Each structure stands twice: as C-alpha cells, then as structure tokens.
Amino acid sequence: LTDGRDANPDGVKRGWKDMIRQFSVPRADCGAVVGRIGDPGVAVPFEIGAGKSLDVLTSGQLFLSVNLSSDLHATGSFAVRMKLAPFTFLQRHWI
C-alpha cells in the first residue's frame with residue numbers, strides 16, 4: 001500500500017488514519033480482496049479475503065478488486081482460484 005503497509009488477501013487491520021477513510025466494503029480490512037457481481041450502480045460489494053464460499057443467487061460478471069480508499073493505492077498481485085458448482089433449488093433451504 002502507498003502508506004507503507006503490506007497487505008495479504010485478508011488485508012491489514014485498520015489503523016487510526018483509516019477511521020476517516022471511505023472503503024468500498026466498510027467491514028473488510030484495508031487492502032483485502034473484495035468482489036461484486038453485476039452492475040456497479042446496483043451490485044453490493046462483498047469481502048472475499050483469502051477464502052470465501054458463497055451461494056450466488058444472481059447472474060452477471062464477477063469483478064474483483066482490493067478494498068482501498070481513494071487516497072490509497074496498491075501494487076502487486078493476488079492469484080485467485082474459483083470452483084464453480086451447479087446450483088439447484090433443492091440445495092437451498094428456505095425458511
């Protein structure tokens with residue numbers, strides 16, 4: 001990160017300066033891998049970190065990024081691996 005911290009896919013714990021910054025995923029740590037599915041005007045970004053398993057109930061493109069505020073920048077890269085499985089209605093238990 002441009003402020004001298006090194007981040008892994010889970011990010012780094014936020015410091016006192018981060019309290020005044022706005023992040024795309026407020027609950028995710030600074031520099032964490034985050035994603036969203038679909039239109040940026042509608043889709044809600046979510047934390048991925050070093051590992052995430054989730055049921056996706058919508059269609060659209062998957063966008064990946066890191067959780068940064070507008071005044072922070074990052075260099076480097078993360079490798080991402082996805083495992084897709086077919087979803088059937090019977091897999092979801094509705095209450």
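In the block above lies the structure referred to throughout.
Residues numbered from 1 in each chain as written. Predicted model: local features only at pLDDT ≥ 70, side-chain atom pairs only at ≥ 80, totals over all residues. Heavy atoms only, no water.

Some points on the overall build of the protein
Here comes step 1: Counting secondary structure elements, the protein contains 0 helices and 3 strands.
Here comes step 2: Traced from its N-terminal end to its C-terminal end, the protein shows the element sequence β-β-β.
Here comes step 3: Taken along the three principal axes of its C-alpha coordinates, the protein extends 50 × 25 × 25 Å.
Here comes step 4: Looking at the 95 residues of the protein, the share that counts as buried comes to 27%. (Helix = DSSP H or I, 4+ residues; strand = E, 2+ residues; numbered from the N terminus. Buried < 20%, exposed > 50% of the residue type's maximum accessible area, 1.4 Å probe, protein only.)

Re the side chain of Asp-18
Here comes step 1: Along the polypeptide, Asp-18 turns up in the segment before strand 1 (33-37).
Here comes step 2: Judged by relative accessible area, which is 2%, Asp-18 ranks as buried.
Here comes step 3: One polar contact links the side chain of Asp-18 to the main-chain amide nitrogen of Gly-15, over a distance of 2.9 Å.
Here comes step 4: A distance of 2.6 Å separates polar atoms of two side chains, one belonging to Asp-18 and the other to Arg-21.
Here comes step 5: Contacts of Asp-18, omitting those with residues within four sequence positions, involve Arg-5, Lys-13, Phe-23, Cys-30 and Leu-72. (Polar contact = N/O pair within 3.5 Å; in protein donor to acceptor, adjacent residues only side chain to side chain. Contact = heavy atoms within 4.5 Å.)

Section: the packing of aromatic side chains
Here comes step 1: For the structure shown, the criterion picks out 0 aromatic pairs.
Here comes step 2: It is Arg-14 that lies over the ring of Phe-23; its NZ or CZ is 3.9 Å from the centre.
Here comes step 3: Between Arg-36 and the ring centre of Phe-63, over which it is positioned, the NZ or CZ distance is 4.2 Å. (Phe/Tyr/Trp six-rings, centres within 6.5 Å; stacked < 30°, edge-to-face > 60°. Lys NZ or Arg CZ within 6 Å of the ring centre and 35° of its normal.)

Focus on the sheet that holds strand 2 (residues 46-47)
Here comes step 1: Strand order across the open sheet formed by 3 strands is 2-1-3, with antiparallel pairing between neighbours. Looking at the sheet topology across the chains shown, the edges are occupied by strand 2 and strand 3 (62-66).
Here comes step 2: Sheet topology note: the strand 1/strand 2 ladder contains 2 bridges and is antiparallel. Of the residues in strand 2, the one forming a bridge with Val-34 is Glu-47. (Pairing = 2+ DSSP bridges.)

Section: a nonpolar patch on the surface
Here comes step 1: Together, Leu-62, Leu-64, Phe-78, Val-80, Met-82 and Leu-84 line one region of the surface with nonpolar side chains, adding up to about 590 Å² of accessible area.
Here comes step 2: Examined against the element boundaries, Leu-64 turns out to sit in strand 3. (Patch = residues over 30% accessible without salt bridge, like charges linked within 9 Å, V, L, I, M, F, W, Y side chains within 5 Å. Areas by Shrake-Rupley, 256 points an atom, 1.4 Å probe, with all protein chains shown as cover. Salt bridge = Lys/Arg side-chain N within 4 Å of Asp/Glu carboxyl O.)

Observations concerning the environment of Val-42
Here comes step 1: In this fold, Val-42 is placed in the loop between strand 1 and strand 2.
Here comes step 2: Overall, Val-42 belongs to the exposed group, its relative accessible area being 66%.
Here comes step 3: For the pair formed by Val-42 and Leu-68, sequence separation is 26 residues and the distance between their alpha carbons is 20 Å.

This is a description of form; function is not addressed.
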